[in-house]
Every structure is written in C-alpha cells, then in structure tokens.
Amino acid sequence: MPLKIIDTQCTGCQACEQECPNVAISSKNGVCIINPKKCTECLGHYDTQQCVAVCPVENTIVFDDSLPRYQLRA
Amino acid sequence: MQLLPIDASNQGKLDQVMQQMADHKGCGTTGGSGKSSCGSGAGPNDMAPEIWEKVKNHPCYSEEAHHHYARMHVAVAPACNIQCNYCNRKYDCANESRPGVVSEKLTPEQASKKVLAVASAIPQMTVLGIAGPGDPLANPEKTFKTFELIYKTAPDIKLCLSTNGLMLPDHVDTIAKFKVDHVTITINMVDPEIGQYIYPWIFYNHKRYTGVEAARILHERQMLGLEMLTERGILCKVNSVMIPGVNDKHLVEVNRAVKSRGAFLHNIMPLISAPEHGTVFGMTGQRGPTAQELKALQDSCEGEMNMMRHCRQCRADAVGLLGEDRSAEFTTEKIMGMEVQYDSDARKAYQSKVEVERQAKVEAKQEELRGLAGESSDIHLLIAVATKGSGLVNEHFGHAKEFQIYELSTAGAKFVGHRRVDLYCQGGYGEEDSLATIIRAINDCHAVFVAKIGGCPKADLTQAGIEPVEEFAGQFIEKSAITWFKAYLEKVKTGALTHQPRGDAQIRQGAFLAAA
C-alpha cells in the first residue's frame, strides 16, 4: 500500500514534495497530497520512505491501509 | 511556568550564572577607552572600511543602522531539514511575532514583486532576507530563484539569508554568485552531547538521523559552512538561542568557536517557549532566561567579538524597521493589485536624508560624551527608553510596544537590549495588570525616559523605584541619557541620593495582545 498524508496535520511545507523520488507529491489548497499511482514507498530508491523521514509533524504521512502494498516488479 | 518570578532565590541563581560566566570575561570587554565596547553599536572607526560599508545600512548587523533602515523577509522557503525543540511548524498566528512563523507563503515571483512594492513604499528598506519559515537552503531552488529575480531588478537591495547550516557547504558558491553578502547561521552548540537535547533529528543524505549522531553531523556542517563563507569574505552572523540549563554556559564555548572561524557578529537570543506554542520546550516547561541572565551572558561573550543586542526575533515575513511589522500592509492580494514602479533615485534621495539625520545623532552623542570626560564613578545602571525611532525619546509611555535599554556609566551610554511590553494604553485589557507587566519587564532599570506619561503610571513607577523622566521629550536618546546620568552622579556625590542596585527583569514571551 502506498503512503497518504493526513491533511489536517499537514503544514504544507512541501519538504516531502522535494524529497519524493517518484514526483508523486504535489500541493493543493495549502496541503500536500500523494498520488497513490506514482508512490512506490521508495522501494528501489531508498531504505526509508523519504516523505516520512523529512516530515516535521510525526504520524502525518502513513501507509494507506485501504490500498495494497507496492510490489517491486521482478 | 517558564518565566521565573523575580525574587531572592532567583537572584541567587543569577549570581551563580554570572559567576560561571566570569571565567570568560577579560577578553577585551573593558578595553581601551577609545574603542567602542559593543560591536553592533560600533561605528566606522571600529572596523575595516570594507566591512563598515557592508554593515552600515543593514539593520540586523548594525545596531546604529537599525534605527534608520528597514528590512523585509519573504517567506519563500517553507521546508526544513532539521527539527528543533523550540520550534513547532504547525503554529501560525498573525499576532505572533517570532522566527519560523509566517502567515502566507510566497512563490519567488510573488516575493520579488512584494520586495519591489515594499522598497517603493518604504525607501529606507535596504535589506531583503530569506529566513524561512523553514530553512532557505532546504528550499534552494525557491531561495535562489528569488535572489536572482531581485538581483536583476533591484541591485541596490542587500540580500541575506538565515540558515541552520546543514546544507550550507553545498551552496556557498551559489550564495557568492548572487552577491549575498550576509549570512546568518543558527548555532546553538559545538558539543553534540549538548546538541542532542536541542535537536531531536536531522534529515541528511536521504536519511533521518537522531540523537548525538544528528547533532554531530549538524555541528560539523555548520563549522565547515562558516569557514567556507568567511574564506570568501561573506559576512557571517551567528544566532544562538539561550536555553537555561541546556546550553547557557556552553554558549561561551560556542562564542569562542565561531569567533575563531571568523564570524563577524554573535546574536544570543532568549528562548521563546510559551506552552501554547506547542514546542517540545514549551510542553516540558523549559523556561527562557531572565533579562539579567541574558545580559550577563552577552556581556561575558563581548570582546573582540561583536555582540548583537537589538534582535527582535522577528517573523519570517516581517516588513519594516526592526521591532515594527508592516507585513499586513503588503499581503499577496494587495501586492498583486499594485502598480509598482521601482524608483531607485527617490530611494537614494531619501537615504541621503537619513544619513544627515544619522550624523546629527552621532554628533549629539559625541558632544555630550565630552561633557562626561573627567567624571569618574563605579556606578553603572540601566535606563529604559520609549522611542519610535530616529534615536529620539519620542514615544508616549502608554503607546510603547517595547523599551530600549541603555547601560550608563562614565564611559557613556551603551545600548544593551530591548524589552517587549504589552500595549499599556489599550483600554479593556485591565490597565492595572498591563502596568505591572511593564514594571516587571524594566524592573532592572533606574529610570524610564518617555515623551509623555500619565499621572497614575508615573506614581506607580516611582513607587517601584523607577524614575519616570519626561524632560527629554523629542531629544536624542544618548545625549539625554548622559545629561541625566551626570545629574544623577552629582546627586549621589552631594548625598541627595543613595545609589541602590536594582533587581532582575522578565523577558516577555508570546504575542502582542493588540495589533500595532
């Protein structure tokens, strides 16, 4: 499952947007949103999810339980 | 509560702090008689001509300039790459005035238009800074695009930026390319063991680091960045947040470390940690320093290193003279509707008028200093001054949003800081309480100089042992202060008055209760 941003906690600082290796994050109405189609949970890029690591508000970027986990294609 | 009530037990703690800092004294604080002891208040005779040329119109680098010149910050850099325990990025309030706080973020294009609009409306606006609300170098594209646009359209405006230093070494060459000649680095420690209590984490090389390791990386990057800047002749100011019990004593070491790496000015600021800001320090009840603790630390670091004492810890989108904020006049909506014509000749004409005013002030001070020659006394004391600017005693006691603090001795009048106060004249807020707040804020002063003051506060101030002084309304602050001090010494000499030391004072935290 890709990640999602809890918009009520988002400060709109766009730190995640700059770090995302998949250009999956954009800003709308002062908060950031993740395009689940583009998010790869940073698999194949980094050991940790970049957006989670850089976000200034804890527990704001989390796995989206409603979607399946991203699978690296073999 | 993070603010200490001023009583005997705290006086004991203060003595302790002063004692601990005494070791660091003697690095030239009471130097030769001709040398100004306070660098930020220093004039052209105290520094190399090329440095004076760089700082003379910069309100954040020259105490003397800040009475005459204004700055603005544009909030183009929202992202940050470290977490500090005194910062909460979720907090935003237009009534709140402190670093990291901003009401609206701007694109580089909006920022550049705003700068031109403000520069046209406020001709003494000479400096543009990017200070956040995150870290400018964690948003390098937005930051440098803004600099590029302004550099092209208004080359007379000085550019500066304020950073935590983590990414500084990577960007020093770009900083030099855009002729950014003032960089401020916030350095709160040079020992990672201490740093771990200030910085919970940093984000570096695609990884989040925590604890001592995070603080070590940050420290190494800060020192490297500072050295690279000074090598290139870019002026560096170091900001440090004084956190009692965490880094207060340690800041003396920070001072030595940054001085030896060529920093030009050190600005030690009191921690802001009101619980309602929701910062870690606010939640844990970490208090900020008292006025005398802050002054003792600043005094002990003063010497070859210039100390800044006029910092107002302003917002990342502040506009105007230090201590005033006109950002509400220049919202994006208003700016985008404005026809802006950048008239550099009009700005130059205005600025030369300011120079004449400024020279008059310096001459008034020198004239009075000559009058002090021959006086000798160990007495030194503080006074508070209500001023609207231009170096004059020209504000009504009840309208003052802050008081400037001067230390008087036979060496002259020296600016040593300022104290924020609530607006006293605001009706409906309980005047009794406001007056008590003001007295607490200037409780370490012997007198308060005002343009005018009402009967009631006058009596209360006198009772609190602070003499209200109205006779210098409209006159130059330093000249007035020295005249008053001469009379004070005379009264002590003749026995008409006994010199009594004053207690400590509180540093006010949080927002102004009413808009300016």
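Structure: above.
Computed from a prediction, not measured in an experiment: that's the story for all the values here.

Peer 1: How do you make sense of the overall build of chain A when you look at a structure like this?
Peer 2: Helix and strand counts for chain A stand at two helices and four strands. Counted from the first residue to the last, chain A has its helices and strands arranged as β-α-β-β-α-β. Taken against the 2.2 N^0.38 rule, which gives 11 Å for 74 residues, the C-alpha radius of gyration of chain A at 11 Å falls within 12% of a compact globule. If one aligns the C-alpha atoms of chain A with their principal axes, the spans along those axes are about 35 × 25 × 20 Å. Within chain A, residue pairs in contact and separated by at least 24 positions form 66% of the contacts whose partners lie at least 6 positions apart.

Peer 1: It is not clear to me how the overall build of chain B should be interpreted in this structure. Could you clarify?
Peer 2: Of the regular secondary structure elements, chain B holds 15 helices and 16 strands. Residues classed as buried in chain B amount to 51% of the 516 residues present.

Peer 1: Teacher, can you tell me more about the sheet that holds strand S13 (residues 402-409) of chain B here?
Peer 2: Adjacent strands of a sheet pair through backbone hydrogen bonds, lying either parallel or antiparallel. Residue and element names in this part refer to chain B. One open sheet accounts for five strands, arranged S14-S13-S12-S15-S16; its pairing is mixed. Of all the strands in the sheet, the pair left with one neighbour each is strand S14 (412-420) and strand S16 (467-469). Geometrically, the sheet is characterised by an average inter-axis angle of 25° between neighbouring strands, direction not taken into account. Direction of pairing for strand S12 (residues 381-385) relative to strand S15 (residues 447-449): parallel, over a ladder of three bridges. The residue of S15 that forms the bridge with Ala384 is Val448.

Peer 1: It is not clear to me how the environment of B:Pro108 should be interpreted in this structure. Could you clarify?
Peer 2: Residues and elements named next belong to chain B. Assignment of secondary structure puts Pro108 in helix H3 (residues 108-121). Under the C-beta neighbour-count criterion, Pro108 is labelled buried, with 21 such atoms within 10 Å. For the pair formed by Pro108 and Lys142, sequence separation is 34 residues and the distance between their alpha carbons is 5.9 Å. With residues up to four places along the chain from it excluded, the contact list for Pro108 reads Val76, Lys142, Lys145, Thr146 and Leu149.

Peer 1: What exactly am I supposed to notice about the interface of chain B and chain A here?
Peer 2: Each partner contributes residues to the interface: chain B has 13 residues there, and chain A has 13 residues. Per-class residue counts for the side of chain B that touches chain A are five nonpolar, four polar and four charged.

Peer 1: Before we go on, may I ask you to explain the sheet that holds strand S6 (residues 201-204) of chain B in this structure?
Peer 2: All names here are of chain B. Ordered in space as S2-S6-S7, the three strands form an open sheet in which the pairing is antiparallel. Whereas interior strands pair on both sides, the edge strands pair on one side only; in this sheet they are strand S2 (82-83) and strand S7 (207-210). In terms of strand pairing, S6 meets S7 through four bridges, oriented antiparallel. Each bridged residue has a counterpart across the sheet, and for Tyr204 the counterpart in S7 is Lys207. On the sheet, helix H7 (residues 211-231) packs against S2, S6 and S7 and is oriented at approximately 110° with respect to S7.

Peer 1: Could you clarify how one ought to interpret the packing of helix H5 (residues 168-177) of chain B against H7(B) in this entry?
Peer 2: The geometry of a pair of packed helices is captured by two quantities: the angle between their axes and the separation between those axes. Residues and elements named next belong to chain B. In the contact formed by H5 and H7, the axes pass within 8 Å of each other and the chain directions differ by 20°. Put simply, H5 runs roughly parallel to H7. Relative to H7, the crossing made by H5 is right-handed. Counting all contacts with H5, which are made through Leu168, Pro169 and Val172, the residues of H7 involved are Arg221, Leu224, Gly225, Met228 and Leu229. Class assignment of the residues belonging to the contact of H5 with H7 gives a composition of six nonpolar, one polar and one charged.

Peer 1: How should the packing of H3(B) against helix H4 (residues 140-153) of chain B be read in this particular structure?
Peer 2: Residue and element names in this part refer to chain B. Taken N-terminus to C-terminus, the directions of H3 and H4 make an angle of 40°; their axes are 9 Å apart at the nearest point. Note that H3 runs across H4; the crossing there is right-handed. Where H3 abuts H4, its residues Pro108, Glu109, Ala111, Ser112, Val115 and Leu116 lie against Lys142, Lys145, Thr146, Leu149, Ile150 and Thr153. Residues that form the contact of H3 with H4 fall into these classes: six nonpolar, three polar and three charged.

The rules behind each value
- Residues numbered from 1 in each chain as written.
- Chains lettered and ligands numbered in written order.
- Predicted model: local features only at pLDDT ≥ 70, side-chain atom pairs only at ≥ 80, totals over all residues.
- Helix = DSSP H or I, 4+ residues; strand = E, 2+ residues; numbered from the N terminus.
- Rg over C-alpha atoms; globule rule 2.2 N^0.38 Å.
- Contact = placed C-beta atoms within 7 Å.
- Buried ≥ 20, exposed ≤ 12 C-beta atoms within 10 Å, placed from the backbone.
- Pairing = 2+ DSSP bridges.
- Axes fitted to C-alpha atoms, helices over the stretch in contact; angles between N-to-C directions.
- Nonpolar A, V, L, I, M, F, W, Y, C, P; charged D, E, K, R; others polar.
- Parallel < 35°, antiparallel > 145°, perpendicular 65-115°, else oblique.
- Left-handed = near helix turned anticlockwise from the far one by under 90°.

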